[in-house]
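# Overview (structure and organization)
Residue-level listing of the chains:
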Amino acid sequence: MAHELCGEYVGPMPVDQLLETFVPDRTGGAEPPVDLEDWDQHNTFFASRYRYRQTDSQPVLEKHLYEPIKTCIQRFLTNFTVVVTAHRTDELSGPEEKWRPDVSVYSSTLSNTAAFGKDLTQLNNAEVVIEIKRSPFKVFGTDDDAPFFSKGKDAKEVRRRIATLLAEQMNRQWRTFAFFILITDPYVYLIRADRAGLIVSAPIDFRTEPKNFLKFLWRYNFLSAEERGMDLTVRLATSEEAELAKEELSPHLPEREHVPPVFVVEVPDRTTPRHVFVWDSLYDVESLTGCCTRAFPAWDPEARKVQFLKDTWRSNKESREKESDVLRELNGANVEHVPTLVAGEDVPGMYHHTVTQVYTQPTPHWVKSKPEELDKRTHHRLLENFVPTPLEDFGTPREFLQALFDGFIAHKGAYALGFLHRDVSDNNIMIDETGRGVLVDWGLAIRVKDANGALIPGKVGQRYRTGTWAFMSCNLLREISCQKPHALADDQQSFLWIGLYYIIQSFNPIIADNPGVEVLIDQYFNSNTYNPNQNDYTGGAEKSMVIVGQSNLCHLEIPNNKPMEKWYKNVLKVFHDVEVAQIFLDPLRLPPDLPDLSRHDALEQIFRESLDADGWSFRREPTEGQAEGEGI
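Worth saying up front: this structure is predicted, and the values here are computed from it rather than measured.

### Re the pairing of strand β1 (residues 9–13)
Counting buried positions along β1 gives 5 out of 5 residues, so the element sits mostly inside the fold. One ladder, built from 3 bridges, connects β1 with strand β7 (residues 198–201); its direction is parallel. In the sheet register, V10 faces β7, and the bridge partner there is I199.

Structure, rendered in structure tokens:
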């Protein structure tokens, strides 16, 4: 996540309001070690060493400020350990980011353990992250008539770093929100982030009025774990529990150099919650805001088997139904090739709902950041009765198309009940233990038909783009602000793009003037154009060329898998015929044999004919540049 999330900042919130709303006074009358009014006792780094002096022969460097700042903050956080972490890279850092926040706050309980001494920079344990900038450039506007977001490369980079550090901290921990402190000259900003966005305080001038900053520290010192953003529905497993869980979960997890501890996670349900053990996620989450879905193989001691845990922050937009409720209905109707729900519900408690969006609907008078209308998000967990394998790990080419068809049949069954999935993608078609496909992730599904099967007015017409960019229909992608409603035809077209994506990657097709796999994927699946006037991205131009027959991909060949080639070209013809008819023909005089994309029948027949055809290869053909058997 390399951007600064400007549309998701809300600020500047008055400091008194931020303190009263998010940092309640739990001190019980305890007096701070230093009188908050007596600034002379703790102004060493603020008033003297933290001064930008271009005339000095030996100017103060940023690194000289870490220890004085740490010392000042530590005086108020007596229940925590404040550590300079700028000199030690977090050992869990990836290849792109070497995480070294300037100062970090840890619980005193952790800092007294042997594990803590191995690496002082541990974002998986940090309570609060603090960034310090000596140069007096503004990150956020401070004057009444100034823009909230200060321009300039340095300011943008600081905002990007705030977003990435918070994302890394939140996604490594079990948290509902987190606090962040930014110190510049002469201002301190208090930031509270949840899965909806970031609230930033009005600037606190530490040279003249530091009291509110010190009040924040002293109050934070007495907050409960839940008030500091910790998720109390998760706990660390005991050594005995961890030993058993690791034995059961090891076969289902990728090898990593550094593995996290085992946790016990409470999965809410309509009756009694269920407790499962997780060790590591199947993939890393990179974003700070949004669904931020984490997926785990989970040892379920009640069922005595490994199941699948999904932890997500669902949107309340469009009065969207809970994913657990959608699955209950699909399961109750015996819809094929969808996950079987074991348990699932919204996580109870006030901290499992985001609050940042409250200050965008409507916008208070003090908000200058011009935020987007943010979604309220609710923490949701569900446990499913299978351990998925990614679609990219398919065995034979026919097994790939069978898995894709299984996902299509699941989509058809759900639509018959009135649900439109709206995020058909390769990550959402998984392979179960029997080698068959399963259409997962129903979190974006909405009910589009009533009990009589009639389309619900206002549902099909939602002007809200959803899905995975690479596999969205060209019609959805090319409209600014998603002027076209998301319909059944769009989801059906996503199956075409998944098929083409894998043909390019894994079926070694013959393509005229082939520029190579990476270029094709980037050109047809990732390309986009930003429209600053609409603050929106559009795309789909290259996909449209495929649909109307003006791309070399229309004529690709798969010599060793003719049934797969036939499937692709026949599905493409369906969308070509419909597109051409919509462009050139009178809507009242459409040919009677034109495929009807308000139903699944046309594509279903093509799937069945292709799967029944002879000529399938029984081995994967490595695409040029890949080893044999290697996936995407």
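Picking up after the structure, the text goes on.
### As for the packing of aromatic side chains
Under the defined criterion, the tally for this structure stands at 32 aromatic pairs. Here the aromatic rings of Y187 and Y189 are separated by 6.4 Å at their centres, their planes lie at 55°, and the arrangement is tilted. When sorted by exposure, Y187 lands in the same class as Y189, which is buried. Seen in terms of ring centroids, Y501 and Y502 are 5.8 Å apart; in terms of plane orientation they differ by 65°. Their pairing is edge-to-face. We classify Y502 as buried; its relative accessible area is 1%. Three or more aromatic residues joined by ring pairs form one cluster here, namely F394, F400, F471, Y501, Y502, F507 and F525. Over the aromatic face of F177 sits the side chain of R192, whose NZ or CZ is 4.0 Å from the ring centroid.

### Re the nonpolar core
Looking at soluble globular proteins, one finds that nonpolar side chains tend to be buried together. Counting residues in each nonpolar core, the largest one holds 63 residues, and the members touching the most others are L553 and Y568. Mapped by element, the contributors of at least two residues to this core are α8 (323–332), α9 (397–416), β18 (429–431), α11 (488–506), α12 (517–526), α13 (541–547), α14 (562–584) and α15 (601–612). For Y568, the residues in contact, after removing those within four places along its chain, are L496, L500, I503, V546, L553, C554 and L556. Counting 46 residues, the second largest nonpolar core, distinct from the first, contains V34, L65, F179 and I199.

### Some thoughts on the sheet that holds strand β16 (residues 389–390)
With antiparallel pairing, 3 strands are arranged side by side in an open sheet as β16-β18-β19. Two strands close off the open sheet at either side, each with one partner strand: β16 and β19 (437–439). The sheet contact formed by β16 and β18 spans 2 bridges and is antiparallel. Within β18, the residue paired with T389 across the bridge is I431. Against the sheet, α9 contacts β18 and β19, and its axis sits at roughly 35° relative to β19.

### Let's talk about a nonpolar patch on the surface
On the surface, I583, F584, L585 and L590 cluster together into a nonpolar patch covering about 400 Å² of accessible area. Positionally, L585 belongs in the loop between α14 and α15. We classify L585 as partly exposed; its relative accessible area is 38%.

### A closer look at the pattern of salt bridges
Per the stated rule, a full pass over the model turns up 36 salt bridges. R172 is paired through a salt bridge with E168; the nearest N and O atoms lie 3.0 Å apart. Taken together, the positions of R172 and E168, both in helix α5 (residues 153–172) and 4 residues apart, correspond to about one turn of that helix. With its nearest N and O atoms 3.1 Å apart, the salt bridge here joins E579 to R478. A residue pair is termed long-range when its members are at least 10 positions apart, and E579 in helix α14 and R478 in helix α10 (residues 474–478) qualify at 101 residues.

### Let's talk about the side chain of T293
Considering the arrangement of structural elements, one finds T293 in the loop between β11 (274–278) and β12 (294–300). A relative accessible area of 19% places T293 in the buried class. Of note is the side chain of T293, whose polar atom sits 2.8 Å from the side chain of T312. Once you skip the residues sitting within four places of it in the chain, T293 turns out to touch Y283, V285, K310, D311 and T312.

### Considerations on the environment of Y359
With respect to the element layout, Y359 can be found in the loop between β14 (341–346) and β15 (377–384). With relative accessibility at 11%, the residue Y359 sits in the buried group. Once the C-alpha coordinates of Y359 and G11 are considered, the two residues, 348 residues apart in sequence, prove to be 8.9 Å apart. Ignoring any residue separated from it by four or fewer positions in sequence, one finds Y359 in contact with V10, M13, Q17, T21, F22, I199, P364, W366 and V367.

### Overview of unusual backbone geometry
The linkage connecting D185 with the following residue, P186, adopts the cis geometry, with an omega of 10°. Summarising the element assignment, P186 is placed in the loop between β5 (178–183) and β6 (187–193). In the segment running from Q361 into P362, the intervening peptide bond is cis, with an omega of -5°. Residue placement: P362 occurs in the loop between β14 and β15. The backbone of K370 sits at a positive phi, close to 55°, despite the residue not being glycine. In this fold, K370 is placed in the loop between β14 and β15. Of note in this structure, N508 is not a glycine but carries a positive phi near 50°. Secondary-structure assignment places N508 in the loop between α11 and α12. On the basis of relative accessible area, N508 is assigned to the partly exposed category, the value being 35%.

### Remarks on the side chain of N475
Residue placement: N475 occurs in helix α10. N475 has contacts with K484, D490 and E579, leaving out every residue within four places of it along the chain.

### Re the sheet that holds strand β10 (residues 263–267)
Working definition: the strands of a sheet are paired by backbone hydrogen bonds and lie parallel or antiparallel to each other. Taken in spatial order, the 7 strands of this open sheet run β9-β10-β11-β12-β13-β15-β14, and their pairing is antiparallel. Of all the strands in the sheet, just β9 (234–236) and β14 have a single pairing partner and so form its edges. Pairs of neighbouring strands in the sheet enclose a mean axial angle of 30°, with direction left out of account. Relative to the sheet, helix α7 (residues 239–249) contacts β9, β10, β11, β12 and β13 (305–315), its axis offset from that of β12 by approximately 110°.

### Focus: the confidence of the model for the chain
When pLDDT is averaged along the chain, the result is 88; 90% of the residues meet or exceed 70. Contacts of residues 47–55 to residues separated by more than four positions or lying in other chains number 27 contacts, the stretch itself having pLDDT below 50. For the stretch residues 625–632, pLDDT sits under 50, and the model shows 16 contacts to residues farther than four places along the chain or on other chains.

### Section: the pairing of β11
Burial analysis of β11 places 4 of its 5 residues in the buried class, the great majority of the element. The sheet contact formed by β10 and β11 spans 5 bridges and is antiparallel. Among the inter-strand pairings, V264 is bridged to a residue of β11, identified as F277. What sits between the antiparallel neighbours β10 and β11 is a turn of 6 residues. With 2 bridges connecting them, β11 and β12 associate as antiparallel partners. Each residue of the ladder has a partner; that of V278, found in β12, is A298.

About the cut-offs
- For every chain, the first residue of the written sequence is number 1, and numbering continues from 1 onward in sequence order.
- Totals for whole chains, interfaces and linings use every residue, but because this is a predicted model, local features are given only for residues with pLDDT of at least 70 and side-chain atom pairs only at 80 or more, for both listing and counting.
- Only hydrogens and water are set aside; all other atoms, that is, all heavy atoms of the structure, feed into the side-chain values.
- Relative accessibility thresholds used throughout: buried, under 20% of the residue-type maximum; exposed, over 50%; partly exposed, between the two (1.4 Å probe, protein chains only).
- Only DSSP runs of H or I reaching four residues or more are called helices, and only runs of E reaching two or more are called strands; each is numbered from the N terminus.
- Here, strands pair whenever DSSP counts at least two bridges between them.
- Only Phe, Tyr and Trp rings are paired, with Trp represented by its six-membered ring, and only when their centres lie within 6.5 Å; those with planes under 30 degrees apart are stacked, over 60 edge-to-face, the remainder tilted.
- Only lysine NZ and arginine CZ atoms are considered, and such an atom sits over a ring when it is within 6 Å of the ring centre and within 35 degrees of the ring normal.
- Throughout this description, the term nonpolar core refers to a set of buried Ala, Val, Leu, Ile, Met, Phe, Trp, Tyr and Cys residues connected via side-chain atoms within 4.5 Å.
- In this analysis, two residues are considered to be in contact whenever any of their non-hydrogen atoms come within 4.5 Å of each other.
- All axes are obtained by fitting lines to C-alpha atoms, using only the stretch in contact for helices, and the reported angles, taken between N-to-C directions, cover 0 to 180 degrees.
- Without a salt bridge and with relative accessible area above 30%, a residue can belong to a patch; like charges are then joined within 9 Å and nonpolar side chains (Val, Leu, Ile, Met, Phe, Trp, Tyr) within 5 Å.
- Using a 1.4 Å probe, the Shrake-Rupley method yields the accessible areas, and only the shown protein chains count as cover for residues.
- Any carboxyl oxygen of Asp or Glu within 4 Å of a side-chain nitrogen of Lys or Arg constitutes a salt bridge here.
- Whenever two N or O atoms come within 3.5 Å, that pair is a polar contact, provided that in protein one can donate a hydrogen and the other can accept it, and provided that, for residues adjacent in sequence, both atoms are side-chain atoms.
- Within a predicted model, pLDDT stands for the predictor's per-residue confidence, ranging from 0 to 100.

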